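# A closer look at the structure
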Amino acid sequence: WCPFCSCGDFEFTEIALDAALKKSQINGLLSLIGRISRGETQMMLKNDADLRKAWEHATDQVTPVCH
């Protein structure tokens, strides 16, 4: 992982580049990671399936159903 400062920095960079994240997305994710590591917020999602379930649940809560 050299020349990065840590393996975590290298892994994050690989993911960010692979996903073609924009500057604002990278900054947002790094800010979130920092808040999580400082105990200011929690992250319950563990994988894509968790994220999709959360999206579905949120959609069910805010999307009106027309009959």
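The coordinates are above.
Residues numbered from 1 in each chain as written. Predicted model: local features only at pLDDT ≥ 70, side-chain atom pairs only at ≥ 80, totals over all residues. Heavy atoms only, no water.

## Notes on the overall build of the chain
Rules: Counting from the N terminus, the helices are DSSP H or I runs at least four residues long and the strands are E runs at least two residues long. Our radius of gyration is a C-alpha quantity, and the globule rule it is checked against amounts to 2.2 Å times the number of residues to the power 0.38. We call a residue buried when its accessible area falls under 20% of the maximum for its residue type, exposed when it is over 50%, and partly exposed in between, using a 1.4 Å probe and counting protein chains only. In this tally, Lys and Arg are treated as positive and Asp and Glu as negative; His is ignored, and so are the chain termini. To locate a charge, take atom NZ for lysine, CZ for arginine, CG for aspartate or CD for glutamate.
When helices and strands are tallied, the chain shows three helices and zero strands. Each helix (α) and strand (β) of the chain, taken in turn from the N terminus, gives the series α-α-α. Its C-alpha atoms give the chain a radius of gyration of 16 Å, clearly above 11 Å, the size a compact globule of 67 residues would have. Each of the three principal axes of the chain carries a C-alpha extent, and together these read 60 × 30 × 20 Å. For the chain, the residues scored as buried account for 4% of the 67 residues in total. Here the chain holds 7 positive side-chain charges and 9 negative ones, and the gap between their average locations is 7 Å.

## What about unusual backbone geometry?
In most cases, non-glycine residues show a negative phi, while peptide bonds are predominantly trans. For the bond from cysteine 2 to proline 3, the omega torsion is 15°, close enough to zero to count as cis. In this fold, proline 3 is placed in the segment before helix H1 (7-18). A positive phi angle, near 55°, is found at alanine 20, a position not held by glycine. Relative to the elements of secondary structure, alanine 20 occurs in the loop between H1 and helix H2 (23-37).

## What about the pattern of salt bridges?
Worth spelling out the cut-off: Salt bridges are counted wherever a side-chain nitrogen of Lys or Arg sits within 4 Å of a carboxyl oxygen of Asp or Glu.
A complete count under the given rule lists two salt bridges for this structure. In this structure, the salt-bridge partner of glutamate 40 is arginine 38, at a minimum N-O distance of 2.9 Å. Taking the shortest distance from any N to any O, the salt bridge between aspartate 48 and arginine 52 comes out at 2.6 Å. With aspartate 48 and arginine 52 both in helix H3 (residues 48-62) and four residues apart, this pair spans about one turn of that helix.

## Examining the state of the cysteines
Worth spelling out the cut-off: Criterion for a disulfide: a pair of cysteine sulfur atoms at a distance within 2.5 Å.
Scanning the model with the defined rule gives zero disulfides in all. Not engaged in a disulfide, the cysteine cysteine 5 finds its nearest cysteine sulfur in cysteine 2; these two sulfurs lie 9.7 Å apart. Here cysteine 5 falls in the exposed class, since its relative accessible area comes to 73%. Cysteine 7 carries a free sulfur, and the closest cysteine sulfur to it, the one in cysteine 2, is 9.8 Å from it.

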